[in-house]
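Structural characterization, general
Chain by chain, the residues:
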Amino acid sequence: MIITLFTPTYNRAHLLFRLYNSILQQNFMDVEWLIVDDGSSDSTENVIQSFIEENKIIIHYFKKKNGGKHSAINFGLQKAKGELFFIIDSDDLLADNALKIVEKKYQSIKEDAKICGI
């Protein structure tokens, strides 16, 4: 797996459909979507479960006690399986071909340098 798409979320169920659809529109799918729910009290868990049941992409969902975005990111880093850790917030979208562009750039530089960000 090349890319872990990571979404920390807190009470953003109403925004997750838009993000999910933008992920499904990508032309590169060697990804996992790792979602850390930082203690939401809305329908976030149900929304994510519906995505998982569609079985269109690999999704890993974790719900933890609220601790702030920084604690969700730290938790996610421990669970990620991808070579790259790509943070995409629940109110973001991926532009067309975004993952293919990232993967292509990564492949062109990964042997030459230690990478901390692209």
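To be clear, the structure that these remarks concern was listed above.
Attention in this report is confined to the structure presented alongside it. Owing to the predicted nature of the structure, the values given are computational and were not obtained by experimental measurement.

**Describing the overall build of the protein chain**
Secondary structure assignment for the protein chain yields four helices and four strands. Ordering the α and β elements of the protein chain from the N terminus gives β-α-β-α-β-α-β-α. A compact globule built from 118 residues should have a C-alpha radius of gyration of about 13 Å, and the protein chain, at 14 Å, falls within 12% of that. Principal axes of the C-alpha set define a box for the protein chain whose edges measure 45 × 30 × 20 Å. Going through the 118 residues of the protein chain one by one, you find that 40% of them count as buried. Long-range pairs, those at least 24 residues apart, make up 78% of the contacts in the protein chain between residues at least 6 apart in sequence.

**Observations concerning the sheet that holds strand β3 (residues 58–63)**
In space, the four strands of this open sheet follow the order β3-β2-β1-β4, with parallel pairing throughout. Looking along the sheet, the strands with just one partner apiece sit at the ends: β3 and β4 (84–87). Recorded for the sheet is a direction-independent mean angle of 20° between the axes of neighbouring strands. Bridging between strand β2 (residues 31–37) and β3 involves six bridges; their strand directions are parallel. Bridge pairing links V36 to F62 in β3.

**Remarks on unusual backbone geometry**
For N55, which is not glycine, the phi torsion reads 60° and is therefore positive. With respect to the helices and strands, the residue N55 is situated in the loop between α2 (44–54) and β3.

Parameters at a glance
Residues numbered from 1 in each chain as written. Predicted model: local features only at pLDDT ≥ 70, side-chain atom pairs only at ≥ 80, totals over all residues. Heavy atoms only, no water. Helix = DSSP H or I, 4+ residues; strand = E, 2+ residues; numbered from the N terminus. Rg over C-alpha atoms; globule rule 2.2 N^0.38 Å. Buried < 20%, exposed > 50% of the residue type's maximum accessible area, 1.4 Å probe, protein only. Contact = heavy atoms within 4.5 Å. Pairing = 2+ DSSP bridges. Axes fitted to C-alpha atoms, helices over the stretch in contact; angles between N-to-C directions.

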